[in-house]
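So you can see what is in the structure, the chains are spelled out below.
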Amino acid sequence: MTPETATKTDDALHRELEKTWGDKPGIWGSLTSVNHKTIGKRFIVTAFCFFVFAGILAVLMRIQLARPENHFIGADLYNQIFTMHGTTMMFLFAVPIMEAIAVFLVPLIVGTRSIAFPRLNAFGYWIFLFGGIMIFVAFILNVGPDAGWFAYVPLAGPQYAPGKRVDFWAQLITFTEVSALVVATELITTIFKLRAPGMSLNRIPVYVWSILVMAFMVFFAMPTIALASTSLILDRLVSTHFFNPAEGGDPILWQHLFWFFGHPEVYIIFIPATGFVSAIIPTFVRRPIFGYTALVLSLISTAFIGFGLWVHHMFAAGLPKMGQSFFTAATLMIVIPSGVQIFCWIATIWSGRPIFKTPFLFSLGFFFVFIMGGLTGVMLASWPLDLQLHDTYFVVAHFHYVLIGGAVFPLFGALHYWFPKFTGHMLSESLGKVTFWLMFIGFNLAFFPMHILGLIGMPRRVYTFQAMNGWAGLNLLATIGGVVLTLGVLVFIINFFINRKRGELAAENPWGASTLEWATSSPPPSYNFLHIPTVAGRDTLWVQPEDQPVVVGIRSDVRQVLITKMLDAEPEHIDQFPEPTIWPLLAALSATGLFIGSIFNPWAVVWGSIPVTVSLIAWFWPKGRKAEERPPKEVQQNLGEQKLNAQEEAA
Amino acid sequence: MRARQINWGFLTWVALVNTTVAATTQSSVDPAGPQAQHISQLWWVMLYLLTGVFILVMSLLSIGAFRRRSKAAETSGRNVIQTDSLRETKMARVVMGGVVVTTVILFALLVSSFIVGRTIYSIPKEPTVLTIDITGHQWWWDVRYENQVASQIVTTANEIHIPVGRQILFKLNSADVIHSFWVPNLHGKTDLIPGHPAETWLKADRTGVYRGQCAEFCGHQHAHMAFEVVVESEEQFQAWYESQLKSAPAQLTSSQSRGLQLFLSKPCVMCHTIQGTDAGGKVGPDLTHLASRQTIAAGALQNNRTNLSRWILNSQDVKPGNHMPPIPLNSEELNFVLDYLESLK
Amino acid sequence: MALLPVALTVTSCKREERNFNTPPPNVSEAQTNPSFKNPLEENAYSLSEGKRLFSQYNCNGCHAQGGGGMGPALMDEKWIYGARPEQVFATIVEGRPNGMPSFRDRVPETQVWQLSAYVRSLSGHVPKDAASSRDDHMQGKPPESRTKEQPIKNTSPP
């Protein structure tokens, strides 16, 4: 089914599809592309670059904290650095990279030619990129935010945070939240309406379920932070009083709004990572995942319960004690679905034949690190204990264990696993193992001592500490571990650069996996599949017969896509998708102008909306449909040819 | 491979125990009061229980990963294992069992949290022995001992004395941004949020000096906003309290009196109070009994002549961004001022 | 259109500086140079420090939040002793007849420059993006960042 093994008819079909679906050439082609793979790849690379920048910031922090009363970085710069580290990791790396990988993979896994709303997809990437550039330029110009990634008022408010630093932070939220919302929209629509015929809901891979759940969580969580950051900008720019206790506002309102978003945010990051693990484990133990239904239900219940936990970030804020017990209970409750997932994965491994390649190693590392993080989370859930541990290095240890263990390790596993599909080459397996061990050892060396530091009294967000407290040794150890962890990431980057063009060529399905993205070439052609597949069962490639039928009747000379029904993926109708266009980029640029302008002057919202409106009008200006423009005679001819092709295929 | 990892975990766990036993001041696992004691017990119970859970799960994972480990590194080809529904059902029962055990453990932890929570908030409150008002400022602690009789109110900064064995009420407020009042040896932390006056009760069961530190990011010098809680016997506390009630000494040597003159004509007088003199500034800490304190600059420096002179001449070198400006004094003037400040016992 | 925000961002260097140890502007240079500009007027941190000191040193006692009382209003167009930065500096350091005390030696020079910058911001004479925003107190007047620049009318003492 690849161009290489094509018959003459297949070859002609491939050329026609490539002409229809391919990007335009050159720089103009890059800027106008609406292809989910082109956009997905650049999205992944950009988000990974932000990961590296934020990692460098972390190394700087660790160097400053290697000794007591160190003078490597001063107080003001350190506060900017730790704010930028958290902000970049949470808003510019963690959520975007999960969405980016999904943008690339989900259309392939569900068996369609494109993501839903391709132009919106392009817009989502550009607005994310411009937001990220804005905040880093701001940081370099000394106007980077310095009030923490959580920006508690009144410290982040107009009186105690002079200048425009916090305003840039608040607008970054706007950029990234718009990007996350539009991508979530596309993913939900793709998963519900663009699946290959036969891929009923109970045949979708667990990874795709995880993306669906993540996208719904984005819908409910992101508007809250948008509301919060908008209120903050209004307080700072035009003197509203949302958070001013003297005029009827409340600093605790900020905390509620922020954490109502902030807690689901970490599950938005974690749930797709569990999807990676659910995709990798079956492949490397050679059996279908155990407990499909339980896994899916766990994802959904984690999402629901995840919205009911946020006050556990506020246990020291003086809220009523009975309420605090409720949130302790909810926080403990969410361990149950996570536990179900872990037991199902262990059962899968137990009854399989594990093959210890790099993606699988990262999954094992995930278990060790994430479970330890989850257990310290159980400790923090208990509000009396949290009163001692809150805002100490114990919490820093906990969330790095769950985020790096629960998201970054599966992510690196995923990058090694799907690298052949992204680029057509294999990464080096030995370098991959070196990456894993350096990261695993470095991570534990860096973050385990922090549990102890928190217990013996070291608070968070301190640019230095004093020798008398006895924290020096553990801090030095943590710094060394941080360096080792960085080396691991560096090895990965080297592996990437060596192998992305010159590595061993990858076959269609180098891992012998079961999902549909492995049923086309590595990398896939611009049109994904020569023929849209149909699906006979879960773990598609492992269960379907050689002569599984394909979809016919969809034109290959225009961008036609098959829309199917939500529950059982029966074909419903055919839709035509847009051609490459420059308007998403221009709309993103004008929106950027509006957002940045409104940091300085409220009138920017008014004047800035003019170019935005113009670009949106141009974007949505109705274009004729190519299908109807064609004279009937040609249409007849094409249909006839395709019927012939289908008959030949069946023969 | 797995076994080596577990051993490493054990070693660090042992190191944890040793380090925490060694740490005394500013440590939540070295409790000196009933609230910290209850919380610390909850901590140890959870640590042992959850470490056991961790070891169990990791063992299951390790055994599962290694017992039928594939020697061949081949993943391509159709060597897929067919699942057999009887085995799947058996495994499902084991998984269900695991879920049930998890739920039971979580419920037990919920109940113990609830009980500990209730306990630490219902430690019998004696008719109020002492009420201390703490106001958090960027980046120092204002301490005021309440009293019905105005002349019996003690105002100090950054160092709190309390008698051992008595339940003390702390009323917490912030003058600017959110801070957090935390003495790990005695109790968990309570945030100081503008617009939300808070209260906490502390009780110390043994004497000693316990260090506290601000635990909510509050700006440039959050890292240097510490304080000390000096727990002493009832007699020592009363003696301290009596001496704090006194105004600054009136009888001064000539050098001290030159120092006072300088204090009143330099920036010092704009921000600081010294009872018994014309200095009544309310912006910075009360200095009436500066020389009786162990530390200066909110726990950033030991209180001695060298540090005091460093602090006065350029506090921005010690705590960059703090609200005390550099004070221009030549060395003769500085000596007079230091002589005077050292008299403020 | 996209360039304007870029330009605004680039000019942020002076606005966002947080130097805690820089020496203050030279007073005699300020008084002899007719085109002297107080660099602190473009620095948001200094303006917010000026606002803090204005309240903490009790300038409010005579000048309220700029509306005046025992002392003249500071947010209007009338200036009795000069509106230029070094003139306001002199007012604070020397004191003035009719009740303005002298704060020489008691308020360090850097802080006087911060106060001078803040006082001028009360009538809108500093860049709007550096001027301070609302306080977390009860609102007595629009904040300095939303204060229109007043003309300068030199008047004689009342």
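If you're wondering where the values come from, they're calculated on a predicted model, not measured in any experiment.

## Quick look at the interface of chain B and chain A
Piece 1. Chain B puts 76 residues into the contact, and the matching count from chain A is 81 residues.
Piece 2. Among the secondary structure elements, those contributing two or more residues to the side of chain B that touches chain A are helix H1 (2-22), helix H2 (34-67), helix H3 (85-121) and strand E7 (190-192) of chain B.
Piece 3. It is H3 of chain B that contributes the most residues to the side of chain B that touches chain A, 16 residues altogether.
Piece 4. When its residues are assigned to classes, the side of chain B that touches chain A shows 39 nonpolar, 30 polar and seven charged.

## Here we look at the interface of chain B and chain C
Piece 1. Listed by partner, the interface residues are 11 residues for chain B and 12 residues for chain C.
Piece 2. Considering only residue class, the side of chain B that touches chain C consists of seven nonpolar, three polar and one charged.

## Let's talk about the sheet that holds strand E9 (residues 208-213) of chain B
All names here are of chain B.
Piece 1. Spatially, three strands are ordered E4-E10-E9 in an open sheet, and the strand pairing comes out mixed. Two strands bound the open sheet, and with one partner strand each, they are strand E4 (159-163) and E9. Along the sheet, successive strands turn relative to each other by an average axial angle of 25°, direction set aside.
Piece 2. Where E4 and strand E10 (residues 226-232) come together, five bridges link them in parallel fashion. When the sheet's bridge partners are listed, His 161 is paired in E10 with Val 230.

## Some thoughts on the packing of helix H14 (residues 393-423) of chain A against helix H15 (residues 429-455) of chain A
Pairs of packed helices are described in terms of their axes, by the angle between the two and the distance that separates them.
Residue and element names in this part refer to chain A.
Piece 1. At a minimum axis separation of 8 Å, H14 and H15 run at an interaxial angle of 170°. Relative to H15, H14 is oriented roughly antiparallel. Both H14 and H15 take part in a crossing whose hand is left-handed. The residues of H15 that touch H14, namely those facing Tyr 393, Phe 394, Val 395, Val 396, Ala 397, His 400, Tyr 401, Ile 404, Phe 412 and His 416, are Gly 432, Thr 435, Phe 443, Phe 447, Phe 448, Met 450, His 451, Leu 453, Gly 454 and Leu 455.
Piece 2. For the contact of H14 with H15, a count of residues per class yields 14 nonpolar, six polar and no charged.

## Quick look at the packing of helix H3 (residues 36-64) of chain A against helix H16 (residues 472-502) of chain A
Residue and element names in this part refer to chain A.
Piece 1. Running from N to C, H3 and H16 point in directions that differ by 160°, and their axes come no closer than 9 Å. The orientation of H3 with respect to H16, classified from their angle, is roughly antiparallel. Crossing of H3 against H16: the hand is left-handed. Here Gly 55, Ala 58, Val 59, Arg 62 and Ile 63 of H3 come into contact with H16, specifically with Ala 478, Thr 479, Gly 482, Thr 486 and Val 489.

## So, the nonpolar core
All names here are of chain A.
Piece 1. Among the nonpolar cores identified, the biggest contains 304 residues, and Ala 47, Ile 97, Val 106, Leu 155, Val 208 and Ile 211 are the most heavily contacted of them.
Piece 2. Among the elements that make up this core, the one with the highest residue count is helix H4 (residues 75-110) (24 residues).
Piece 3. Residue contacts for Ile 211: discarding those within four places in its chain leaves Ala 102, Val 106, Leu 187, Ile 191, Pro 272 and Gly 275.

## A word on helix H11 (residues 335-350) of chain A
Piece 1. Taking 1.5 Å of rise per residue, the 16 residues of H11 of chain A would be expected to cover 22 Å, and the 22 Å separating its terminal C-alpha atoms lies within 8% of that figure.
Piece 2. Most of H11 of chain A is tucked away: 15 of the 16 residues are buried.

## A short note on the confidence of the model for chain B
Residues and elements named next belong to chain B.
Piece 1. On average, residues of chain B carry a pLDDT of 90, and 90% of them reach 70 or more.
Piece 2. Across chain B, element-level confidence peaks in strand E6 (residues 179-181) with a mean pLDDT of 98 and bottoms out in H1 with 48.
Piece 3. Predicted confidence is poor over residues 1-7, with pLDDT under 50, and the contacts of this stretch with residues over four places away or in other chains come to five contacts.
Piece 4. Under a pLDDT of 50 for its full length, residues 17-23 has, in the predicted model, 10 contacts with residues more than four places off or in other chains.
Piece 5. Complex prediction metrics read pTM 0.93 and ipTM 0.93.

## What about the sheet that holds strand E8 (residues 198-203) of chain B?
Residue and element names in this part refer to chain B.
Piece 1. If you walk across this open sheet you meet the five strands as E3-E2-E1-E5-E8, and the pairing is mixed. Each of the sheet's edge strands pairs with one partner strand only, and the pair in question is strand E3 (154-157) and E8. Neighbouring strand axes in the sheet, compared pairwise and without regard to direction, differ in orientation by 25° on average.
Piece 2. In terms of strand pairing, strand E1 (residues 131-137) meets strand E5 (residues 167-174) through six bridges, oriented parallel. Looking across to E5, one finds that Ile 134 is bridged to Leu 172.

Cut-offs and rules
- Residues numbered from 1 in each chain as written.
- Chains lettered and ligands numbered in written order.
- Predicted model: local features only at pLDDT ≥ 70, side-chain atom pairs only at ≥ 80, totals over all residues.
- Contact = placed C-beta atoms within 7 Å.
- Helix = DSSP H or I, 4+ residues; strand = E, 2+ residues; numbered from the N terminus.
- Nonpolar A, V, L, I, M, F, W, Y, C, P; charged D, E, K, R; others polar.
- Pairing = 2+ DSSP bridges.
- Axes fitted to C-alpha atoms, helices over the stretch in contact; angles between N-to-C directions.
- Parallel < 35°, antiparallel > 145°, perpendicular 65-115°, else oblique.
- Left-handed = near helix turned anticlockwise from the far one by under 90°.
- Core = buried A, V, L, I, M, F, W, Y, C linked by C-beta atoms within 7 Å.
- Buried ≥ 20, exposed ≤ 12 C-beta atoms within 10 Å, placed from the backbone.
- Expected span 1.5 Å × (residues − 1).
- pLDDT = per-residue confidence, 0-100.

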